[in-house]
Amino acid sequence: VPGDAAFKLYDTYGVPLDFIEDTIDSRKLTLDREGFEKAMEGQREKARARSAFDGGRKDVEFAFDSDSAREALRLAGDEFEGYTDTTVHGVPVLALFDESRRQVNDLATGHAGYAALSRTPFYLEAGGQVSDSGRIFTQNGETEAVVEGIVRIAPGLPRAHRVRVTRGTLRHRMLVTTEVARELREATRRNHTATHLLHAALRQVLGTHVKQAGSLVAPDRLRFDFVHFSAVTRDQQLEIERIVNEQVLKNTPVSTEVKATQEAIAGGAMALFGEKYGDKVRVVSVAG
């Protein structure tokens, strides 16, 4: 069965991949999986091109003063410390860029731009979860900037903090403290856990063919996209809500551990179709 034909059933008509594969197997045919994945990648590229994140400027590249400045940023690394800390002290500003993403030496009060740091507790938008927000400031209180979001400069380079300077001047090589807005982070984390509770409830009520097809996780709301062969009835919706609310009220501890990918999958972790995983994964578990 041609991969592009199978992908049209999956992408355009919403037929679950499991159903497509079972139907193909029952007729003793095979799926052109390479063609299917090629069509999937083509659709991803179209989706990325349409993305309006960061004011529709995601395709605008960061302009460096020189190749050596770019190389220095690459060598500095990109260490995310947000799993354990929401505040990190003594972080040097590696590079600054203005609103049009041209490299500059400083950003004065009232100006917006981007700050690259080698260590940060700020989460970069990924997997549907929005970026963290918060602030960057100096210990003496002379300089402060609001962090409105995080963007990737380029593969292999540190993430850039989209900032608006509210006091003083943010300068290249200045030592700063980075602080995530804790209440917003905690609210986002709760909604992220809720998407997984919802996923489990959907599979329990509608069937195990239900898989995540996209999501939005923000501090004030969540959205969960999935494929099903009919509309969810009112009774089903109420049952799904009852199951999720029951789990929320139990307040079961959430555990986190890093495992080898194959070990995690063998242990029951769900690997979503289309996702790319490395040798190790961070597994988040809620008992039951």
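In this report, we go over the structure that sits alongside the text.

Definitions and limits used
For every chain, the first residue of its written sequence is number 1, and the numbers climb from 1 along that sequence. Local features in this predicted model are restricted to residues of pLDDT 70 or higher, and side-chain atom pairs are both shown and tallied only at a pLDDT of 80 or more, whereas totals for entire chains, interfaces and linings draw on every residue. The basis for every side-chain value is the complete set of non-hydrogen atoms in the structure, without hydrogens or water. Strands are runs of DSSP state E lasting at least two residues, helices are runs of H or I lasting at least four, and both sets are numbered from the N terminus onward. Exposure categories follow from relative accessible area, calculated using a 1.4 Å probe and restricted to protein chains: below 20% of the type maximum is buried, above 50% is exposed, and the middle band is partly exposed. Two residues qualify as a contact provided that any one of their heavy atoms is within 4.5 Å of a heavy atom in the partner residue. Shrake-Rupley sampling with a 1.4 Å probe provides the accessible areas, and residues are treated as covered by the protein chains on show and by no other component. Asp and Glu are treated as the negative residues and Lys and Arg as the positive ones, with His and the ends of the chain left uncounted. Note on charges: their place is set at NZ of Lys, CZ of Arg, CG of Asp or CD of Glu. Under the pairing criterion, centres of Phe, Tyr and Trp rings, with the six-membered ring standing for Trp, must be within 6.5 Å; the plane angle then separates stacked pairs below 30 degrees from edge-to-face pairs above 60, leaving the rest tilted. Under the rule applied, a polar contact is a pair of N or O atoms within 3.5 Å (in protein, one hydrogen donor and one hydrogen acceptor; residues adjacent in sequence only if both atoms are side-chain atoms). Whether two strands pair comes down to DSSP finding at least two bridges between them.

## Looking at the overall build of the chain
Here comes step 1: From N to C terminus, the chain includes seven helices and 15 strands.
Here comes step 2: Along the longest, intermediate and shortest principal axes, the C-alpha atoms of the chain span 70 × 45 × 35 Å.
Here comes step 3: Burial analysis of the chain (288 residues in total) assigns 34% to the buried set.
Here comes step 4: A fraction of 66% describes how many contacts in the chain between residues 6 or more apart in sequence connect residues 24 or more apart.
Here comes step 5: Of the accessible surface of the chain, which amounts to about 16,900 Å², a share of 50% is contributed by carbon and sulfur atoms.
Here comes step 6: Of the side chains in the chain, 39 bear a positive and 42 a negative charge, and the two mean positions are spaced by 1 Å.

## With respect to the packing of aromatic side chains
Centre-to-centre distance and the angle between the planes together describe a pair of aromatic rings.
Here comes step 1: A full pass over the atoms with the stated rule returns ten aromatic pairs.
Here comes step 2: For the ring pair Phe 7 and Phe 36, a centre distance of 5.6 Å and an interplane angle of 75 degrees mean the geometry is edge-to-face. Remark: Phe 36 occurs in helix α3 (residues 33–50) and Phe 7 occurs in helix α1 (residues 3–11); sequence separation between them is 29 residues.
Here comes step 3: Of the residues examined, Phe 7 reaches a relative accessible area of 7% and is grouped as buried.
Here comes step 4: Residue classification places Phe 36 among the buried positions, given a relative accessible area of 0%.
Here comes step 5: An angle of 25 degrees between the planes, with centres 6.0 Å apart, marks the rings of Phe 19 and Phe 229 as stacked.

## Quick notes on the side chain of Ser 131
Here comes step 1: Its location among the elements puts Ser 131 in the loop between β6 (119–120) and β7 (134–137).
Here comes step 2: By relative accessible area, Ser 131 is classed as buried at 17%.
Here comes step 3: Separated by 3.3 Å, the side chain of Ser 131 and the backbone oxygen of Ile 150 make a polar contact.

## Concerning the pairing of strand β2 (residues 87–98)
Here comes step 1: Pairing of β2 with strand β11 (residues 175–180) involves four bridges; the strand directions are antiparallel. Counterpart to Val 91 in the pairing with β11 is Val 176.
Here comes step 2: In terms of strand pairing, β2 meets strand β5 (residues 112–117) through five bridges, oriented antiparallel. Its bridge partner being in β5, Leu 96 is matched across the sheet by Ala 115.
Here comes step 3: Two elements, β2 and strand β3 (residues 103–104), share two bridges in a ladder whose sense is antiparallel. Residue pairing for β3: Phe 97 is matched across the bridge by Gln 103.
Here comes step 4: Once β2 ends, the chain turns through four residues before running back antiparallel as β3, passing Arg 101 with a positive phi of about 70 degrees.

## Some remarks on the environment of Ala 287
Here comes step 1: Counting through the fold element by element, Ala 287 comes out in the segment after β15 (280–286).
Here comes step 2: The spatial distance from the C-alpha of Ala 287 to the C-alpha of Arg 167 is 46 Å, given a sequence separation of 120 residues.

## Here's the deal with the side chain of Thr 86
Here comes step 1: In this fold, Thr 86 is placed in the loop between β1 (79–80) and β2.
Here comes step 2: Of note is the side chain of Thr 86, whose polar atom sits 3.1 Å from the side chain of Arg 182.

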